[in-house]
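# Topology and contacts: notes
Letter by letter, the chains look like this.
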Amino acid sequence: PAPAPPAEPAEGAEGAPVDVDDWAPQARPTTVVCRWVVPDFDRGRRSDAARAHRGEYHEGSFVDAAGNRWLLYYFLDGDGADNAGHVSLYLSVRDAGRLPFGWQKRATFTMAVEHASGDAARGHAKWATQVFRAAPPPAVQDWGWPKFAAHAELAARGLVG
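A brief look at the structure comes next. (Residues numbered from 1 in each chain as written. Predicted model: local features only at pLDDT ≥ 70, side-chain atom pairs only at ≥ 80, totals over all residues. Heavy atoms only, no water.)

### With respect to the overall build of the protein
Selection criterion: Secondary structure counts use DSSP, requiring at least four H or I residues in a row for a helix and at least two E residues in a row for a strand, with both numbered from the N terminus. Each residue gets one of three labels from its accessible area relative to the maximum for its type: buried under 20%, exposed over 50%, partly exposed in between, using a 1.4 Å probe on protein chains only. Any two residues having at least one pair of non-hydrogen atoms within 4.5 Å are treated as being in contact. Residue-level accessible areas treat just the shown protein chains as cover; the underlying method is Shrake-Rupley with a 1.4 Å probe.
The number of helices and strands found in the protein is three helices and seven strands. When the elements of the protein are put in sequence order from the N terminus, they spell out α-α-β-β-β-β-β-β-β-α. Out of the 161 residues in the protein, the part that is buried amounts to 39%. Sequence-distant contacts in the protein: of pairs separated by 6 or more residues, those separated by 24 or more amount to 64%. For the protein, the accessible area works out to roughly 9,000 Å², and carbon and sulfur atoms hold 52% of it.

If you want it as structure tokens, here you go:
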């Protein structure tokens, strides 16, 4: 289970965050593009947090056109001993515990590791569709992959050193 996300939302790429009290069930699809660079993957995966399989939230949240706030939650060396040697990656709803009863959002999302050259064949991507819902505290609404990518595969594709 993920720890509570950071307290303060950051501004996102496509829209301004909507006040939590204004959120409601949504039927229309929206798109959000989250770009994030891990500055020093090798050092990060050897960190105390990675060795203890503690996850981290990407520092900022991303906002879609409807004002929904999303966070990336990641483990550079897996989210547990069974997933060591892998990157675990999750998409999380910000403020899920503060959303009104009945709030939900169906999201189809792709998470990818892109090669610096832009060569899509050297990248690694997965996609999924998931319904995210308001969740009473201390629950966190997230979904993703415990074994998003093996370190060896990322290295073989030239994505990490």
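### Examining the environment of histidine 58
Locating histidine 58 in the fold gives a position in the loop between β1 (56-57) and β2 (62-63). Taking the C-alpha atoms as reference, histidine 58 lies 7.5 Å from tyrosine 74; in sequence the two are 16 residues apart.

### A closer look at empty space enclosed by the protein
Taking a probe equal in size to a water molecule and rolling it over the atoms shows the remaining empty space. Going by this rule: Here a cavity denotes grid points, spaced 1 Å and computed from the protein atoms alone, that fit a 1.4 Å probe unable to get out, and a pocket denotes an open set having protein on both sides within 12 Å along at least 5 of 7 lines; residues with an atom within 4 Å of a point are the lining. Grid points are joined across faces, edges and corners, and a volume is the space filled by probe spheres set on the points. Residues were grouped as follows: Ala, Val, Leu, Ile, Met, Phe, Trp, Tyr, Cys and Pro as nonpolar; Asp, Glu, Lys and Arg as charged; and all remaining residues, including Gly, as polar.
Applying the stated criterion to the full structure yields one cavity of 30 Å³ or more. Residue lining of the largest cavity: Gly44, Ser47, Ala49, Ala50, Arg54, Glu56, Tyr74, Phe75 and Leu76, and that is the complete set. Those elements that place two or more of their residues in the lining of the largest cavity are α2 (48-51) and β3 (69-75). In the lining of the largest cavity, the residues fall into five nonpolar, two polar and two charged.

### A short note on the environment of phenylalanine 101
Here phenylalanine 101 shows up in the loop between β4 (86-93) and β5 (104-113). Separated by 34 residues in sequence, phenylalanine 101 and alanine 135 place their C-alpha atoms 8.3 Å apart.

### Examining the side chain of histidine 115
Quick note on the threshold: Pairs of N or O atoms within 3.5 Å make up the polar contacts considered here, provided that, within protein, one atom can donate a hydrogen while the other can accept it, and that residues adjacent in sequence are counted only when both atoms are side-chain atoms.
The residue histidine 115 is located in the loop between β5 and β6 (124-133) in this model. A residue is classified by how much of its surface remains accessible, and histidine 115, at 14% relative accessible area, is buried. Among the polar contacts made by the side chain of histidine 115, one reaches the side chain of serine 117 at a distance of 2.8 Å. The residues contacting histidine 115, other than those within four sequence positions of it, are Arg122, Gly123, Arg157, Gly158 and Leu159.

### A word on the pattern of salt bridges
Side-chain pairs of opposite charge can arise whenever the charged atoms involved come near each other. Quick note on the threshold: Think of a salt bridge as a Lys or Arg side-chain nitrogen and an Asp or Glu carboxyl oxygen that are within 4 Å of each other.
Across all of its chains, the model carries one salt bridge by this definition. The shortest N-O distance in the salt bridge between arginine 157 and glutamate 153 comes to 3.2 Å. Owing to a relative accessible area of 28%, glutamate 153 belongs among the partly exposed residues under this scheme.

### A look at the nonpolar core
One recurring pattern in soluble globular proteins is that nonpolar side chains are buried together. Note the following rule: Among the buried residues, those of types Ala, Val, Leu, Ile, Met, Phe, Trp, Tyr and Cys that are joined through side-chain atoms within 4.5 Å form a nonpolar core.
Counting residues in each nonpolar core, the largest one holds 25 residues, and the members touching the most others are Leu91, Val93, Phe109, Met111 and Phe132. Taken together, the elements giving at least two residues each to this core come down to β3, β4, β5, β6 and β7 (142-150). The leading source of residues in this core is β4, at four residues. Not counting the four nearest positions on each side in its chain, phenylalanine 109 is found in contact with Leu91, Lys126, Trp127, Ala128, Gln130, Phe132, Trp143 and Trp145.

### Some points on the packing of aromatic side chains
Worth spelling out the cut-off: The rule is short: rings of Phe, Tyr and Trp, with Trp giving its six-membered ring, pair when the centres are within 6.5 Å, and they are stacked under 30 degrees, edge-to-face over 60, tilted in between.
If you walk through the whole model with that rule in mind, you get nine aromatic pairs. With a centroid separation of 5.1 Å and 75° between ring planes, the pair formed by tyrosine 73 and phenylalanine 75 is classed as edge-to-face. There is no split in this pair, since tyrosine 73 and phenylalanine 75 are both buried. Clustering of aromatic rings is evident, with ring pairs tying together Trp70, Phe109, Phe132, Trp143, Trp145 and Phe148.

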